Amino acid sequence: MGRLGGEEFGILLLGCGNHLAAHIAEKCRSAIEKFDSSVSGHQFTLTASFGVSDSSICGHEFTKLFAGADGALHQAKDLGRNKVFNYQTNSYVFAEVSVDRVN
């Protein structure tokens with residue numbers, strides 16, 4: 001895991017299939033959304049959008065994997081934020097259920 005710039009982070013999951021990667025991203029998204037900010041003395045909400053790509057579609061070259069994940073991330077944001085969008089299946093993940101993208 002590493003910071004890619006601004007508020008963007010990347011997680012490289014070696015040997016992890018596309019479906020499992022989307023499931024892990026959804027668990028992370030859900031955990032971030034449940035963050036309790038009250039300990040800080042301030043009340044605020046955190047959310048996160050995730051883009052998932054896979055070498056079976058994008059290839060093994062980092063720039064292509066990154067471009068797939070980045071495109072999927074922008075789809076997640078365009079669909080209303082706080083979502084996981086899967087580049088390979090062209091769908092977003094919600095509560096661990098894949099839902100086809102509406103054009």
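Considerations on the overall build of the protein
Here is step 1 of the chain: Broken down by element type, the protein carries three helices and six strands.
Here is step 2 of the chain: Shown N-terminal to C-terminal, the secondary structure of the protein runs as helices and strands in the order β-β-α-β-α-α-β-β-β.
Here is step 3 of the chain: Buried positions account for 28% of the 103 residues belonging to the protein.
Here is step 4 of the chain: Sequence-distant contacts in the protein: of pairs separated by 6 or more residues, those separated by 24 or more amount to 47%.
Here is step 5 of the chain: Surface exposure of the protein reaches about 7,000 Å², of which carbon and sulfur atoms provide 56%.

Remarks on the environment of Gly 80
Here is step 1 of the chain: Among the secondary structure elements, Gly 80 is positioned in the loop between helix 3 (62-78) and strand 4 (84-86).
Here is step 2 of the chain: Sequence separation between Gly 80 and Ser 49 is 31 residues; the distance between their C-alpha atoms is 9.2 Å.

Comments concerning the pairing of strand 1 (residues 2-5)
Here is step 1 of the chain: Bridging between strand 1 and strand 2 (residues 8-10) involves three bridges; their strand directions are antiparallel. Note on strand 2: the bridge partner recorded for Arg 3 is Phe 9.
Here is step 2 of the chain: What sits between strand 1 and strand 2 in their antiparallel hairpin is a turn of two residues, with Gly 6 showing a positive phi close to 55 degrees.

Quick look at the confidence of the model for the protein
Here is step 1 of the chain: Taken residue by residue, the protein gives an average pLDDT of 84. The fraction at 70 or more is 85%.
Here is step 2 of the chain: Here residues 94-103 is modelled with pLDDT under 50, and outside its nearest four sequence neighbours on either side it reaches 15 contacts, counting other chains as well.

Reading guide: rules and limits
Residues numbered from 1 in each chain as written. Predicted model: local features only at pLDDT ≥ 70, side-chain atom pairs only at ≥ 80, totals over all residues. Heavy atoms only, no water. Helix = DSSP H or I, 4+ residues; strand = E, 2+ residues; numbered from the N terminus. Buried < 20%, exposed > 50% of the residue type's maximum accessible area, 1.4 Å probe, protein only. Contact = heavy atoms within 4.5 Å. Areas by Shrake-Rupley, 256 points an atom, 1.4 Å probe, with all protein chains shown as cover. Pairing = 2+ DSSP bridges. pLDDT = per-residue confidence, 0-100.

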